[in-house]
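Structure at a glance
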There are 2 protein chains.
Amino acid sequence: MKVSNQNEEINIVSNNEIIEFEGKHLLLELYNCDSLKLNDESYIRCVIDHASKFANATVINLVSHKFQPQGLTAIALLAESHLSIHTWPESGYAAVDIFTCGKNMKPELACEYLIDSLDSAKHYLRILRRKSPLEIQDHVKNSY
Amino acid sequence: MKVSNQNEEINIVSNNEIIEFEGKHLLLELYNCDSLKLNDESYIRCVIDHASKFANATVINLVSHKFQPQGLTAIALLAESHLSIHTWPESGYAAVDIFTCGKNMKPELACEYLIDSLDSAKHYLRILRRKSPLEIQDHVKNSY
C-alpha cells in the first residue's frame, strides 16, 4: 500500500543563518479505522512497536494509557526521537505523529504499516522538516 | 515574554467531507539554549511538567531518557494528548512538539514557558491544525 501524501513537503523557511534539513516530523490523520483495534491497548502497543521498527528506529521505552469510556494514547520513545498515537474509537479516528532524526530513518514506512494495521480507509499525511542546526545532522544519539 | 510566531497557522486543506478544527499541533525549535539545562534530566522533567500545566493540560505520565554522551528526551503523556522535548546540548538546540485537544488548552503558554526556562535566545514556532472529525471536537478524554 502506498501512502498518498497530499503535501510532499511543507518547508517553512525561517532563518538563513541556521539550519539545514535534519529531522522529519510527520503528522498522520487516520480516518475510518477499525474501532475495536483503536480501543485495544495491547494491539496498539504492538502496532507502535512494529511501526517504529519499520521506520528503522530503536525503541527505548513505550508507554500507553487507556481512557474511559474509550480511547487511548501510546508513545514510543525512540533513540531517533518519538512516535505517538492518540485514538478516538467512537469516531474511527487516530492522530499519529512521528519525529525522526537521521538519514537512515524511514518514517513513511511506519505510516504505511499503521494505515494497514488499523484498516484505515482514508488518511492524510503531512511531512515537515525540523529546523535543526547543521552540526547535528546525522548525529543520531546513542541509546545508552 | 511573547512568542514570535512566523507562521500563525499553517492550515492545509484536505477533505471537505470530514473535518473541522479540533486539535493543535505545535512544533517549536529552540536555539541557543543553556546547554547545562538541556542536559539536566531532572530539570527538564520539571520543566515539561510545568509547561504542561501552563498549557492547562493534565499530566498522566512523564517518561524521560538520558543519552550518552549527552542529550535527552522527555515526553509527557497528557489527558489532552502529549508534549515532547528532545535536546542536543552540544548545539544548544531543543526540538519540542505539543499536541493538544480541546478549546481550553493554551499550548502557546507552554511554549513561552519553555523559551524562558531554557534561556533560548532564538526560536521558531509552527502551529498546525489537526484534521479531526467534527464529532470529537471538544471531546476531551477522561484521564481514568
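Thresholds applied
Residues numbered from 1 in each chain as written. Chains lettered and ligands numbered in written order. Predicted model: local features only at pLDDT ≥ 70, side-chain atom pairs only at ≥ 80, totals over all residues. Axes fitted to C-alpha atoms, helices over the stretch in contact; angles between N-to-C directions. Helix = DSSP H or I, 4+ residues; strand = E, 2+ residues; numbered from the N terminus. Parallel < 35°, antiparallel > 145°, perpendicular 65-115°, else oblique. Left-handed = near helix turned anticlockwise from the far one by under 90°. Contact = placed C-beta atoms within 7 Å. Nonpolar A, V, L, I, M, F, W, Y, C, P; charged D, E, K, R; others polar. Buried ≥ 20, exposed ≤ 12 C-beta atoms within 10 Å, placed from the backbone. Arc of directions from axis to C-beta. Pairing = 2+ DSSP bridges. Expected span 1.5 Å × (residues − 1).

**Concerning the packing of helix α2 (residues 41-54) of chain A against helix α3 (residues 107-117) of chain A**
Residue and element names in this part refer to chain A. Running from N to C, α2 and α3 cross one another at 150 degrees; their axes reach a closest spacing of 7 Å. Considering the angle they form, α2 stands roughly antiparallel to α3. Once α2 is placed against α3, the crossing between them reads as right-handed. Of the residues in α3, those in contact with Val47, His50, Ala51, Ser52 and Phe54 of α2 are Leu109, Ala110, Tyr113, Leu114 and Ser117. Of the residues assigned to the contact of α2 with α3, the class counts are 7 nonpolar, 3 polar and no charged.

**Comments concerning α3(A)**
Residues and elements named next belong to chain A. Within α3 the residues assigned to the buried category are Pro107, Glu108, Ala110, Cys111, Leu114 and Ile115. Buried positions in α3, seen along its axis, are confined to an arc of 155 degrees and lie on one side of it. Those residues of α3 that are buried are in contact with β2 (23-31), α2, β5 (81-88), β6 (93-101) and β7 (122-130). Two residues or fewer after α3 comes aspartate 119, characterised by a positive phi angle close to 55 degrees.

**Focus: the pairing of strand β5 (residues 81-88) of chain B**
All names here are of chain B. Of all 8 residues that make up β5, 8 are buried, and the element is covered over most of its length. Direction of pairing for strand β4 (residues 72-78) relative to β5: antiparallel, over a ladder of 7 bridges. Among the inter-strand pairings, alanine 76 is bridged to a residue of β5, identified as leucine 83. Linking two consecutive strands that pair antiparallel, namely β4 and β5, is a turn of 2 residues. As paired elements, β5 and strand β6 (residues 93-101) share 8 bridges and run antiparallel to each other. Within β6, the position partnered with threonine 87 by the bridge is alanine 94. Joining the antiparallel neighbours β5 and β6 is a turn of 4 residues, in which glycine 92 adopts a positive phi near 65 degrees.

**Description of α2(A)**
All names here are of chain A. Here α2 is 14 residues long and its end C-alpha atoms lie 20 Å apart, about the 20 Å a rise of 1.5 Å per residue gives. Within α2, burial applies to Ile44, Val47, Ile48, Ala51 and Ser52. One side of α2 carries all its buried residues, which in axial view fall inside an arc of 135 degrees. Elements in contact with the buried residues of α2: β3 (59-66), β4 (72-78), β5 and α3. Downstream of α2 by one or two residues, asparagine 56 has phi in the positive range, about 70 degrees.

**Quick look at unusual backbone geometry**
Cis geometry marks the peptide bond from Gln68(A) to Pro69(A); its omega dihedral reads 5 degrees. A positive phi is found at Asn56(A), a non-glycine position, where the angle reads about 70 degrees. Here Asn56(A) lies in the loop between α2 and β3. Judged by the 15 C-beta atoms lying within 10 Å of it, Asn56(A) falls in the partly exposed class. The backbone of Asp119(B) shows a phi angle near 55 degrees, a positive value even though the residue is not glycine. By the element assignment, Asp119(B) lies in the loop between α3 (107-117) and β7 (122-130). Residue classification places Asp119(B) among the partly exposed residues on the basis of 15 C-beta atoms within 10 Å.

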